[in-house]
Amino acid sequence: MARIAPAKPKLKTAHASQALAKLQGEISDEAIIFQNMPDPEWMLMMAPGKLPVFVKPLPDVSSVDLDAQEITTTGGEVEIPDIMASVIEVASRLSLGDVGLVVLSGVHCSRRSLPRAKGVAEAVVTSDLTEVWQASGVQGSAITAEAINAILQVHSPGATAFVPGAITQTQLDWRTSLSAEQSIPSADAPDEAAVVSPAQVQTEKFRLNDGSPKRVQNLETMVGSILVSLAKGRQILAGGLPVKPEYVANGARLLPVLLIAASEKWSPVVAKAGTGGFDVRLSRDADALVGFRVADVLASSPYLLYMPLSRVARVTDTGANLDFDRLLGIFDRWLSKYDEGRLHHHSVTIRIATEQHLASQES
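Right, let's walk through the structure included here. Quick caveat: nothing in here was measured; it's all calculated off a predicted structure. Note on numbering: residues in each chain are counted from 1, in written sequence order. Residues qualify for local features only when their pLDDT is at least 70, as the model is predicted, and side-chain atom pairs are given and counted only at 80 or more; totals for whole chains, interfaces and linings, by contrast, use all residues. To obtain the side-chain values, all non-hydrogen atoms of the structure were used and water was disregarded.

A short note on the overall build of the protein chain
Test applied: Helix numbering and strand numbering both begin at the N terminus, where a helix is a DSSP run of H or I of at least 4 residues and a strand a DSSP run of E of at least 2. Buried means the residue's accessible area, taken with a 1.4 Å probe over protein chains only, is under 20% of the maximum for its type, while exposed means over 50%, and partly exposed covers the values in between. Contact definition: two residues touch when any of their heavy atoms are within 4.5 Å.
Of regular secondary structure, the protein chain possesses 12 helices and 16 strands. Burial analysis of the protein chain (363 residues in total) assigns 52% to the buried set. In the protein chain, 69% of the contacts between residues at least 6 apart in sequence involve partners at least 24 apart.

Things to note about the side chain of K56
Stated precisely, the cut-off is as follows: His is not counted, nor are the chain ends, whereas Lys and Arg count as positive and Asp and Glu as negative. Criterion for a salt bridge: a side-chain nitrogen of Lys or Arg within 4 Å of a carboxyl oxygen of Asp or Glu.
Of note, K56 is situated in strand β4 (residues 53-58). Although K56 is buried, it forms no salt bridge, and the closest oppositely charged side chain is D39 at an N-O distance of 6.5 Å. The residues touching K56, leaving out its near neighbours within four places in the chain, are W42, V78, I83, V102, V103 and L104.

Describing the pairing of strand β5 (residues 61-65)
Rule in force here: Two strands qualify as a pair provided DSSP detects at least 2 bridges between them.
Pairing of β5 with strand β6 (residues 70-73), which is carried by four bridges, proceeds in the antiparallel orientation. Along β6, the bridge assignment pairs S63 with T72. Connecting β5 to the next strand, β6, in antiparallel fashion are four residues, including Q69 with a positive phi near 60 degrees.

A closer look at the sheet that holds strand β11 (residues 236-238)
In spatial order, the strands read β12-β11-β15; together these three strands make up an open sheet with mixed pairing. Each end of this open sheet is capped by a strand with a single partner; those strands are β12 (241-243) and β15 (322-323). Note that β11 and β12 share three bridges and pair antiparallel. Its bridge partner being in β12, I236 is matched across the sheet by V243.

Brief notes about the pattern of salt bridges
Applying the stated criterion across every chain yields a total of five salt bridges. Across the pair E89 and R93 runs a salt bridge, and its minimum N-O distance is 3.2 Å. In this pair, E89 and R93 both sit in helix α2 (residues 80-93), four residues apart, roughly one turn of the helix. Notably, a salt bridge pairs R234 with D317, separated by 2.8 Å at the nearest N-O pair. With R234 in the loop between α6 (213-231) and β11 and D317 in the loop between α9 (302-314) and β15, this pair connects stretches of sequence that are 83 residues apart. Judged by its relative accessible area of 24%, R234 falls in the partly exposed class. Residue classification places D317 among the partly exposed positions, given a relative accessible area of 30%. One connected set of salt bridges, linked through shared partners, spans R111, E122 and E131.

Focus: α2
Convention followed: The length a helix should cover is 1.5 Å for every residue beyond the first. This arc is taken over the directions from the axis of the helix to the C-beta atoms.
Over its 14 residues, α2 extends 20 Å from the first C-alpha to the last, a length consistent with the 20 Å expected when each residue adds 1.5 Å. Residues of α2 that are buried: I80, I83, M84, V87, V90 and A91. End-on, the buried residues of α2 take up no more than an arc of 140 degrees, which puts them together on one face. Exposed residues on α2 whose side chains face more than 90 degrees from its buried face are S92 and R93. Where α2 is buried, its residues contact β4, β5, β6, β7 (76-79), β8 (99-105) and β10 (120-126). Positioned one or two residues after α2, S95 has a phi angle of 55 degrees, which is positive.

The structure is reproduced here in structure tokens:
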């Protein structure tokens, strides 16, 4: 989870504030997000060795016209050269070197690359929050923690020094107030709100075929990346034994365990709202590590797939290492709870949703 500066939200518009709350929860904890930089409602995401990325939230991008150099919203046109000029001016003033730019729409829009100006290594318009962290990996940067601290002291005089991975108490207090920050139910004390049976797919939008190797491979790659970023070289333990990120992310090994743990957190929302962020099909496989393999996955957006999986992966972080024993306990409880052996299910479909879907259904 990225630190923010100042330590409490200072953005004025609802779209920018919501984007900040989601970004700080999903971006790696080695990063810091500066609010209102270079201008009000903008953000600047920085991490040592990563490309600095400026984020301009726009509530409703409807089109991008590269010929006219305009981004159209219901509030009018935003000039692309003006955005670039703001980014380049601040990057030069802060000696950032090359930077990235993500124009973040509050409603779904097709991803569009923008023409890159000198000093801007990546520039996109998107509604996908994960693009911010992805843009930071386009190329390396000479930015150090010391350089970030120098900017922090100018931007927020007297702030606690920036240490990658460390979060201030003020920000922790703010995070606990966010509805999205819920705890994962433990194996010993299951969440009473959890659904009482695996959710079944009911809509055409989320219909699954018999198996999609490409979608499963994309899921494995995503989870592997999450674990590498989270571990930072520390050991990953399962059953007391060290394992590699790709072992955990493998659809025939520990990936079903992560998905079931995520469903324990998110499926209660489905039981109330009836819609989901993504669907997963597990198929029985005697050769798989836990008796099931991931046969298919279908997501309405990459972010809705990334969010619950990244949160459940963070539950394993003990400080010294990543320990998957707790998630294994949740999986064992799930098997016992649904008595899959007696029911002879060849495959199980699970719908996993997010709180924002519930809110949208109730509004």
